[in-house]
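These are the residues of each chain, in order.
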Amino acid sequence: MGFKEDIDTHKLPQHVAIIMDGNGRWAKGKGKLRVFGHHNGVLSVRDVVEGAGELGIKYLTLYTFSSENWNRPKFEVTAIMELLISTINKEIKKLMENNVRLNTIGDIEMLPKKCHDELLQAMATTAGNTGLVLTLALSYSSRREIVNAARAIAKRVEAGVLKADDIDEDMFAQHLHTADMPDPELLIRTSGEYRISNYLLWQIAYAELYFTDKLWPDFRREDLYEAILDYQKRERRFGMISEQIN
Ligand code: IPE
Ligand code: IPE
Ligand code: MG
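Residues numbered from 1 in each chain as written. Chains lettered and ligands numbered in written order. Predicted model: local features only at pLDDT ≥ 70, side-chain atom pairs only at ≥ 80, totals over all residues. Heavy atoms only, no water.

Novice: Would you take a moment to explain the site of ligand 2 for this structure?
Specialist: Close to ligand 2 lie Ile19, Met20, Asp21, Tyr63, Thr64, Phe65, Asn69, Arg72, Arg189, Arg195 and Ser197, which account for all nearby residues. The side chain of Arg72 places a nitrogen or oxygen atom 3.3 Å from an oxygen atom of ligand 2. Between Arg195 and ligand 2, the recorded distance is 2.7 Å, taken from a side-chain N or O atom to an oxygen atom. When each cavity is represented as a set of grid points, ligand 2 is found to reside in the largest pocket. With three residues, strand 2 (residues 59–66) is the largest single contributor of residues to the shell around ligand 2. Here the shell around ligand 2 is built from residues that sort into four nonpolar, three polar and four charged. (Near = heavy atom within 4 Å. Polar contact = N/O pair within 3.5 Å; in protein donor to acceptor, adjacent residues only side chain to side chain. 1 Å grid on protein atoms, 1.4 Å probe; cavity = no way out; pocket = protein on both sides within 12 Å on 5 of 7 lines; lining within 4 Å. Sits in = over half its atoms within 2 Å of the grid points. Helix = DSSP H or I, 4+ residues; strand = E, 2+ residues; numbered from the N terminus. Nonpolar A, V, L, I, M, F, W, Y, C, P; charged D, E, K, R; others polar.)

This is the structure we're talking about:
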């Protein structure tokens, strides 16, 4: 008996976002280097991507590397970038088999050229897939994303193609990297940390937040299903009162 059977597939979140945290602590707990944790985190990604697609989730967005993560020791950053390259390479066949479309958000031009090229290639290869949209947030900063959107809109106003009064929430959202996605209804963070760490600040305005103590390399599709079940038990009121919802 797992959690999957209890999930109401008519009430699935369309978009699940995950802050995959705790790789370093997981490795340290086993007396290994932090990088060992990142390698094992890939196994969790594989299982969760497959599990999400199998359930019928449309969008899965994984916080893979933040803009702030560039400040980690060079050895770790290099290892993560190398892991990214080899993983994309290895997983592409599975993504095709599972009809997954790969997408990215963030300043991916900041990534090493090999990594950047590999990503573009994989996105092009999977572009026609119609199943799960797997978005990797890479070199991602939500504040930067918002500032860039504001700048792009300001430029259009400056050029006279847009009036300041025409700026509204929908238009603003169209200038974010997530323009073609619905907002996440569910945000999961692993490793017992209760913070957002500059992730999807605009997009999670009304997301349900789910925190688990599990470290990312221990997280599997069953844990995703447990989080979705928890989500389905909540009442999303959007400022209204219970009687209006039911
Ligand atoms: C998440 O795990 C992966 C990345 C941020 C790249 P961490 O590397 O942050 O692991 P902890 O939080 O230090 O245990
Ligand atoms: C957030 O985790 C970024 C990713 C999961 C990629 P961090 O481990 O970098 O976040 P902080 O530093 O604990 O806030
Ligand atoms: Mg961390």
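Novice: Looking at this structure, how should I read the environment of Ile228?
Specialist: Structurally, the position occupied by Ile228 is in helix 7 (residues 221–232). Looking at Ile228, the relative accessible area reads 0%, which means it is buried. As a C-alpha pair, Ile228 and Ile188 span 40 residues in sequence and 9.6 Å in three-dimensional space. Filtering out sequence-adjacent residues up to four positions away, Ile228 remains in contact with Ile7, Leu12, Pro13, Leu55, Ile57 and Leu186. (Buried < 20%, exposed > 50% of the residue type's maximum accessible area, 1.4 Å probe, protein only. Contact = heavy atoms within 4.5 Å.)

Novice: I tried to follow helix 3 (residues 74–97) on my own but got confused; where do I start?
Specialist: Along an α-helix, residues three or four positions apart point the same way, because every turn accommodates 3.6 residues. If you check helix 3, its first and last C-alpha atoms are 35 Å apart, about what 24 residues at 1.5 Å a residue would give, namely 34 Å. Largest kink in helix 3: about 45°, centred on Glu91. Glu76, Val77, Ala79, Ile80, Met81, Leu83, Leu84, Ile85, Thr87, Ile88, Glu91 and Leu95 are the residues of helix 3 that are buried. Against helix 2 (34–55), strand 2, strand 3 (101–105), helix 4 (113–126) and strand 4 (133–140) lie the buried residues of helix 3. With its phi angle positive at about 60°, Asn99 sits one or two positions after the end of helix 3. (Expected span 1.5 Å × (residues − 1). Bend = angle between axes of the 7 residues up to and from the residue.)

Novice: Looking at this structure, how should I read the sheet that holds strand 6 (residues 208–211)?
Specialist: Hydrogen bonds between backbone groups are what pair the strands of a sheet, and the pairing can be parallel or antiparallel. Strands sit in the order 3-4-2-1-5-6 across an open sheet of six strands; the sheet is parallel. Strands with a single pairing partner mark the edges of an open sheet, and in this sheet they are strand 3 and strand 6. Between one strand axis and the next, the sheet turns by 20° as a mean value, whatever way the strands run. Both strand 1 (residues 15–19) and strand 5 (residues 186–189) contribute to a ladder of four bridges, which runs parallel. What sits directly across from Ala17, in strand 5, is Leu187. Against the sheet, helix 7 engages strand 1, strand 5 and strand 6, with an angle of about 135° to strand 5. (Pairing = 2+ DSSP bridges. Axes fitted to C-alpha atoms, helices over the stretch in contact; angles between N-to-C directions.)

Note that all results are geometric; they support no functional claim without further evidence.
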